[in-house]
Amino acid sequence: MSERKPMAEHLQLLSQDFFIKESLTVAPALIGCVIETNKDGLVTSGKITETEAYPSHDAASHAFKGKRTPRTEIQFAQGGRLYMYQIMGLHFMTSIVVGEENNADVVFIRSIEPLSGVEKMKERRKYISEDIKRLASGPGMLSVALGLNKDDNGLLVYNNDSKVKIYKDKNYTAEVATGKRINLGIHGATPEEGRAAIEQLWRFFDKNSKFLSR
C-alpha cells in the first residue's frame, strides 16, 4: 500500500465553519478546492470543477418541504458531512451537507479534475484511455474514481483523521461561471415550483476547465 505523502503547502484543510453556510455560498466556493480520499492507504484526489446547490426550499431537493426519509435524514445534520445516495440501483452520487442543523441544505459535486492516484482511479473505473478528461468528469464517475460509496455516507470532511477530506487551494484563481442544473428530479412540487427550480442558475463551474460533466 502507498504511504500518505505530505500535503502541499498551498492546500489547507477546510474548517467546519466553511460548511456552516448556505449551499448558494458554499457551492461556488468549492470550485477549485481539492477532495481527497484515503482508502486502505491508497490516496486519490481531484480538483472540484463543477457543483450544484440544492437549498431545502428548492423543488429539486430530496428534502423539499422537510421530507425526512432514511435516505434524506443525513441532510438534516450540521454541515460538513458527506451525503451519498444511489440512483437507478447503480451509481453513487457525492454531495456535501452544508448549513446549520435541520436546514437540509446540500451541495452536489458534479465533476473533478484528477490530481493524485490517477492509476488507482483508472483501475476503479476500468478506464483504459490515456486521455483522463472523462475519468471523473461526471457525478457517478467521480464517485467510482474516488472509491466513494454508501459506506461513506455521513463522514465528516474537515477532520484530519477522516478518510475523506476537502482542502482549499490557495493558488486557485480561475473564473467561476453559472448555469442551469442538469437532469433535475422534481417530485411533490407544484408546476410553478418545478419551473422555478429548473430556471435557477445554481450550477457552478470552472469556466476554463476541460474536466466538466458536459
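To be clear, the structure that these remarks concern was listed above.
In this convention, every chain numbers its residues from 1, walking through the sequence in written order. Side-chain atom pairs in this predicted model are given and counted only at pLDDT of 80 or more, local residue features only at pLDDT of at least 70, and totals for whole chains, interfaces and linings cover all residues. Side-chain measures were taken over the full set of non-hydrogen atoms in the model, leaving aside hydrogen atoms and water.

### What to know about the overall build of the protein
Secondary structure counts use DSSP, requiring at least four H or I residues in a row for a helix and at least two E residues in a row for a strand, with both numbered from the N terminus. A count of helices and strands for the protein gives 5 helices and 9 strands. The order of helices and strands in the protein, counted from the N terminus, is β-α-α-β-β-β-β-β-α-α-β-β-α-β. Note that the radius of gyration is over C-alpha atoms, with the globule rule given as 2.2 Å times the number of residues to the power 0.38. Rg of the C-alpha trace for the protein: 16 Å, near the compact-globule value of 17 Å for 214 residues, within the 12% margin. Oriented by its inertia axes, the alpha-carbon framework of the protein measures out at about 50 × 35 × 30 Å. Each residue is placed in one exposure class: buried if its accessible area under a 1.4 Å probe, protein chains only, is under 20% of its type's maximum, exposed if it is over 50%, and partly exposed if it falls in between. For the protein, buried positions account for 51% of its 214 residues. Contacts are residue-level and defined by heavy atoms, with any inter-residue pair within 4.5 Å sufficient. Restricting the contact set of the protein to residue pairs at least 6 apart, pairs at least 24 apart contribute 65%.

### Comments concerning the packing of aromatic side chains
In this scheme Phe, Tyr and Trp rings, the latter by its six-membered ring, pair at centre separations within 6.5 Å, and the angle between planes marks the pair as stacked below 30 degrees, edge-to-face above 60, and tilted otherwise. Taken as a whole and judged by the stated rule, the model has 4 aromatic pairs. Between the aromatic rings of Phe18 and Phe19, the centroid separation amounts to 5.0 Å while the plane-to-plane angle is 75°, which identifies the pairing as edge-to-face. Residue Phe18 shares its accessibility class with Phe19, and that shared class is buried. Through a chain of ring-to-ring contacts, the aromatic side chains of Phe18, Phe19 and Tyr158 assemble into a single cluster. Cation placement over rings: the criterion is NZ of Lys or CZ of Arg within 6 Å of the ring centroid and within 35° of the ring normal. When the ring centre of Phe76 is taken as reference, the NZ or CZ atom of Arg68 above it lies at 4.0 Å.

### Some remarks on the nonpolar core
Note on terminology: a nonpolar core comprises buried Ala, Val, Leu, Ile, Met, Phe, Trp, Tyr and Cys residues joined through side-chain atoms within 4.5 Å. In this structure, Phe19, Leu30, Ile35, Ile48, Ile96, Ile112 and Ile166 are the most contacted members of the largest nonpolar core, which totals 36 residues. Each residue touching Ile35, except ones within four places of it in the same chain, is listed here: Thr44, Ser45, Gly46, Ile48, Ile109, Ile112, Leu146, Val164, Lys165 and Ile166. Counting residues in each nonpolar core, the second largest holds 10 residues, with Ile74, Ala77, Tyr85 and Met93 among its members.

### Comments concerning the environment of Gly117
Tracing the chain through its elements places Gly117 in the loop between strand 6 (105-116) and helix 3 (118-125). Judged by relative accessible area, Gly117 falls into the partly exposed class, the value being 27%. Separated by 68 residues in sequence, Gly117 and Thr49 place their C-alpha atoms 18 Å apart. Gly117 has contacts with Val43 and Thr44, leaving out every residue within four places of it along the chain.

### A word on helix 4 (residues 139-146)
Along an α-helix, a turn takes 3.6 residues, which lines up residues three or four apart on a common side. Judged by how many residues are buried, helix 4 sits mostly within the fold: 6 of 8 residues are covered. For helix 4, every residue scored as buried is listed here: Pro139, Gly140, Leu142, Ser143, Ala145 and Leu146. Elements in contact with the buried residues of helix 4: strand 2 (34-39), strand 3 (42-54), strand 4 (81-87), strand 5 (91-98), strand 6 and helix 3. Just beyond helix 4, the residue with positive phi is Gly147, at close to 75°.

### Describing the packing of helix 3 against helix 4
In a packed pair of helices, the relevant descriptors are the angle between the two axes and the axis-to-axis distance. Only C-alpha atoms enter the line fits that serve as axes; for helices the fit covers just the stretch in contact. Angles between N-to-C directions range over 0 to 180 degrees. With their axes 7 Å apart at the nearest point, helix 3 and helix 4 run at an angle of 115° to one another. In terms of crossing hand, the pair formed by helix 3 and helix 4 is right-handed. Within the contact between the two elements, helix 3 uses Met121, Arg124 and Arg125 and helix 4 uses Met141, Val144, Ala145 and Leu146. The crossing is said to be left-handed when, going from far helix to near helix, the turn is anticlockwise and less than a right angle, and right-handed when the turn is clockwise.

### Some points on the side chain of Ser111
Looking at the secondary structure, you find Ser111 in strand 6. Every residue in contact with Ser111, bar those within four places of it in the chain, is listed here: Lys47, Ile48, Thr49, Glu50, Ala136, Ser137, Gly138, Leu142, Phe211, Leu212 and Ser213.

### Some details on the environment of Ala136
Within the secondary structure layout, Ala136 lies in the loop between helix 3 and helix 4. Residue Ala136 is classed as buried on the basis of its relative accessible area of 0%. In the structure, Ala136 is positioned 20 residues away from Ser116 in sequence and 12 Å away in space, judged by C-alpha atoms. Each residue touching Ala136, except ones within four places of it in the same chain, is listed here: Ser111, Ile112, Pro114, Met141, Leu142 and Ala145.

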